[in-house]
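Take a look at the letters that make up each chain.
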Amino acid sequence: MELLKGNFPIEKFKTIETPFYYYDESLLRQTLEIIKSESTKYGYKVHYAVKANANADILRIIASYGLGADCVSGNEVQAAIEAGFPASDIVFAGVGKTDKEINLALSHGIFCFNAESLPELEVINELAEKKGVTANIALRINPNVDAHTHHYITTGLNENKFGFNLEDVEDVMDVVIKAKNLNLIGVHFHIGSQITDLSSYEDLCVKINDLQDQLENKGIILPNVNIGGGLGINYEHPNHFPIADFETYFRLFNKNLHLREGQTLHCEPGRSVVAQCGSLVTRVTYVKIGTTKKFAIVDAGMTDLIRPALYEAYHRIENITSDEPGDTYDVVGPICESSDVFQKDVRLNKVRRGDLLVLRSAGAYGEIMASRYNLRELPKAIIL
Ligand code: LLP
């Protein structure tokens, strides 16, 4: 039986030096169309999380659909602006924004800083004063909601380094309101990434509703509520679920979140925008027969896609140049680390030297997390 394969331009692939990232432009555009139509139903503002994939062509395509950008470094702010995201649609988060990065964001006049600590607020206020400008601030609040995801990518629990704790929010707001060069315009939350149990978002809505009630009693209604990113994708079945369920996602917030008159909901999806359109394409260098195992040794390694080594993440692997009956392999890279394994005991159509394998759902946190360890080349990328 032939194992199910995605639809790839195989002849074209054969002419390109491996390993490389392949982005399916049409799938990216279909995903963006759906995000647009589902979010505009409710007037929600979507800021693409640039950290997921900052490939310049990908950024340009996303910007052309009118999304804003969510950035976590000065370089991301710069890249977003160069790709065509309006500064007035850029939010800037991160626990360790440097003076240089804050100054850059202030000069561009970005929409808002998602601020995470009192010392950061002090510095933004000072630097804004020096420039004679006012900085828009949303407070990142840690809602202590369990996102039921991998512990490395859970961010909304009290033990995490991100944001202000709920109990401190009112005091912090007083500080911001008093600061001459800060303008408090919203609250920001992010509970984690690769969230597939959407009840975590219902829990988030309960926390936000409670906070809003509490603030309203003090006469505070802020114009913006940002619910962060995190919507998960289906890594097991990229062919059957190529686009995340944005309809259910946005409907959930519309149903559960009690927005006040004039408030805008913002969100920051990264993975769900770009993961499924990307694959890492790699060539089999050797098939090695061990005592108990067969190894498909490929020319991509953890330097090209670190997610399996770092998070034990699963990426579906397919042999797109073979239709011969399958066998079982450990698919491994060439890096001198025993964690350089993409997957163990994977069923693939029979593998021979020179075959092309694809690692699916690699459009998010793939190319952008590549490194030059072992002095390897950074992977190239093509969009077709
Ligand atoms: N907003 C904030 C404040 C974030 O920290 C993140 C991701 C996002 C939005 C976008 O989340 P997404 O929609 O992509 O889940 N490298 C890890 C993922 C780290 C996510 C960090 N924050 C991975 O490969 O799974």
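All of these numbers come straight from a predicted model, not from anything done at the bench. (Residues numbered from 1 in each chain as written. Predicted model: local features only at pLDDT ≥ 70, side-chain atom pairs only at ≥ 80, totals over all residues. Heavy atoms only, no water.)

**Section: the site of the ligand**
By nearness alone, 19 residues border the ligand, and Ser-193, Glu-268, Arg-307, Tyr-311 and Tyr-365 come closest of all. Between Tyr-311 and the ligand, the recorded distance is 2.7 Å, taken from a side-chain N or O atom to a nitrogen atom. Within the side chain of Tyr-365, one N or O atom sits 2.6 Å away from an oxygen atom of the ligand. Surface burial for the ligand is 92%, taken as the share of its 590 Å² of free accessible area covered by protein chains. Taken together, the residues that form the shell around the ligand break down as six nonpolar, seven polar and six charged. The residues that make up the shell around the ligand include at least three from each of domain 1 (10-21 + 276-383) and domain 2 (26-273). (Near = heavy atom within 4 Å. Polar contact = N/O pair within 3.5 Å; in protein donor to acceptor, adjacent residues only side chain to side chain. Areas by Shrake-Rupley, 256 points an atom, 1.4 Å probe, with all protein chains shown as cover. Nonpolar A, V, L, I, M, F, W, Y, C, P; charged D, E, K, R; others polar. Domains from an automatic or database assignment.)

**Regarding a negative patch on the surface**
Together, Asp-146, Asp-197, Glu-202 and Asp-203 line one region of the surface with negative charge. Of note, Asp-146 is situated in the loop between strand S6 (135-142) and strand S7 (164-165). Asp-146 gets classed as partly exposed once you look at its relative accessible area, which sits at 36%. (Patch = residues over 30% accessible without salt bridge, like charges linked within 9 Å, V, L, I, M, F, W, Y side chains within 5 Å. Salt bridge = Lys/Arg side-chain N within 4 Å of Asp/Glu carboxyl O. Lys, Arg positive; Asp, Glu negative; His and termini not counted. Charge placed at Lys NZ, Arg CZ, Asp CG, Glu CD. Helix = DSSP H or I, 4+ residues; strand = E, 2+ residues; numbered from the N terminus. Buried < 20%, exposed > 50% of the residue type's maximum accessible area, 1.4 Å probe, protein only.)

**As for the pattern of salt bridges**
Scanning the model with the defined rule gives 21 salt bridges in all. One salt bridge connects Glu-324 with Arg-352, and the closest N-O pair in it is separated by 2.9 Å. A residue pair is termed long-range when its members are at least 10 positions apart, and Glu-324 in the loop between strand S13 (317-319) and strand S14 (326-332) and Arg-352 in the loop between strand S15 (341-349) and strand S16 (356-359) qualify at 28 residues.

**Notes on helix H3 (residues 56-63)**
Taken together, the buried positions of H3 are Ile-58, Leu-59, Ile-61, Ile-62 and Ala-63. Turning to H3, the residues buried within the fold contact strand S1 (20-23), helix H2 (25-40), strand S2 (45-49), helix H4 (74-83), helix H10 (271-274) and strand S17 (380-383). One side-chain oxygen of the residue at the start of H3 lies 2.9 Å from the amide nitrogen of Asp-57, identifying that residue as Asn-55. (Contact = heavy atoms within 4.5 Å.)

**Some points on the state of the cysteines**
A full pass over the atoms with the stated rule returns zero disulfides. Cys-112 forms no disulfide, and the closest cysteine sulfur to it belongs to Cys-71, at a distance of 12 Å. Cys-112 gets classed as buried once you look at its relative accessible area, which sits at 2%. Here Cys-277 stays free of any disulfide, with the sulfur of Cys-267 as its closest cysteine sulfur at 18 Å. (Disulfide = S-S within 2.5 Å.)

**Notes on the packing of H4 against helix H5 (residues 99-108)**
Remark: H4 packs on H5, axes separated minimally by 8 Å, with the N-to-C direction vectors making an angle of 25°. Taken together, the axes of H4 and H5 are roughly parallel relative to one another. Of the residues in H5, those touching H4 at Gly-74, Val-77, Gln-78 and Ile-81 are Glu-101, Leu-104 and His-108. Broken down by class, the residue content of the contact of H4 with H5 amounts to three nonpolar, three polar and one charged. (Axes fitted to C-alpha atoms, helices over the stretch in contact; angles between N-to-C directions. Parallel < 35°, antiparallel > 145°, perpendicular 65-115°, else oblique.)

**Description of the domain arrangement of the chain**
Accessible area lost upon the coming together of the parts is a frequently used measure of interface size. Taken domain by domain, the chain holds domain 1 (10-21 + 276-383) and domain 2 (26-273). Spacing between the C-alpha centres of domain 1 and domain 2 amounts to 33 Å. At the interface, 19 residues of domain 1 touch 21 residues of domain 2. A combined buried area of about 1900 Å² lies between domain 1 and domain 2, and 57% of that area is made up of carbon and sulfur atoms. On the domain 1 side of the interface with domain 2, the three residues burying the most area are Gln-276, Tyr-365 and Ile-383, jointly 34% of the side's total. There are zero salt bridges connecting domain 1 and domain 2. Connecting domain 1 to domain 2 are six residue pairs in polar contact (both at pLDDT 80 or more). Contributing elements (two or more residues each) for the side of domain 1 that touches domain 2: helix H11 (307-311) and S17. (Buried area = accessible area lost by both parts, 1.4 Å probe.)

**A word on the environment of Ser-26**
Note that Ser-26 resides in helix H2. Separated by 357 residues in the primary sequence, Ser-26 and Ile-383 have C-alpha atoms spaced 9.5 Å apart.

**A few points about the pairing of S16**
Going residue by residue along S16, you find Leu-356 and Val-358 tucked away on one face and Leu-357 and Leu-359 tucked away on the opposite face as well. Here four bridges tie strand S11 (residues 278-289) to S16, and the two strands are oriented antiparallel to one another. For Leu-280, the partnering residue across the bridge sits in S16 and is Leu-359. (Pairing = 2+ DSSP bridges.)

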